Amino acid sequence: MTKSDIPVMPKFFDRYINLADNDWLLLDALTQGASFENLIPAETLEKLGDLRYAPEKWTVKDILQHIIDTERIMSYRAMRIARNDKTPLPGFDEVMFGENANGINRTIPDLYEEYSLVRQSNIAMFKSFDHDMLLRSGTCSDQPISAIALGFVLVGHATHHVNVIKERYLPLLA
């Protein structure tokens, strides 16, 4: 299924979903983004160390940890929805998560490995969903959203933050 199969484009989450190519099948899109190493080599980010492009902004380690945390939350939501759980799912405070994740004390290779493992697990989960499960909808952060839409959120959310790293952090190395 492609993002054109999303039954209702959810507000707020559409900014991530729209970063995925229109022609990608969900599993192909998830697989292409299964490794940060393919997008930005670890050695490049290690050179950034704990630099921030502006005061109060996250380090690249914090960003990677945020992507991992969000990947887990969105995939949990997708599983609940695919299993036809109609319980409204709350949002989460990414700032509070970031302040308590301790990403700055981790290494880039460690974060890359964890992300790869989490993404591989999510690929396996989405492979297990049939057509009807992917199209099931629920409520997340007070927004109606389908399991397939959440799959494309995973793709677009990581892409969004990789773009931020490329645009705002990599110039710090120049």
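Residues numbered from 1 in each chain as written. Predicted model: local features only at pLDDT ≥ 70, side-chain atom pairs only at ≥ 80, totals over all residues. Heavy atoms only, no water.

**Structural notes on the layout of surface pockets**
Link 1 in the chain: Space inside the largest pocket adds up to approximately 790 Å³.
Link 2 in the chain: Together, 32 residues line the largest pocket, and Trp 58, His 66, Glu 94, Val 95 and His 161 are the ones closest to its centre.
Link 3 in the chain: Looking at the lining of the largest pocket, its residues break down into 13 nonpolar, 10 polar and nine charged.
Link 4 in the chain: Estimates place the volume of the second largest pocket at around 200 Å³.
Link 5 in the chain: Contributing to the lining of the second largest pocket are 15 residues, with Trp 24, Gly 33, Leu 39, Val 155 and Thr 159 lying nearest its centre. (1 Å grid on protein atoms, 1.4 Å probe; cavity = no way out; pocket = protein on both sides within 12 Å on 5 of 7 lines; lining within 4 Å. Points joined across faces, edges and corners; volume = space filled by probe spheres on them. Nonpolar A, V, L, I, M, F, W, Y, C, P; charged D, E, K, R; others polar.)

**Describing the confidence of the model for the chain**
Link 1 in the chain: Per-residue pLDDT for the chain has a mean of 94; in total, 100% of the residues score no lower than 70.
Link 2 in the chain: Within the chain, no element has a lower average pLDDT than helix H3 (residues 42-48), which sits at 91, and none a higher one than helix H7 (residues 131-135), at 98. (pLDDT = per-residue confidence, 0-100. Helix = DSSP H or I, 4+ residues; strand = E, 2+ residues; numbered from the N terminus.)

**Some details on helix H8 (residues 147-169)**
Link 1 in the chain: Under the 1.5 Å per step criterion, the end-to-end length of H8 is 32 Å for 23 residues, consistent within 8% with the ideal 33 Å.
Link 2 in the chain: Taken across its 23 residues, H8 has 17 buried, putting it largely inside the fold. (Expected span 1.5 Å × (residues − 1). Buried < 20%, exposed > 50% of the residue type's maximum accessible area, 1.4 Å probe, protein only.)

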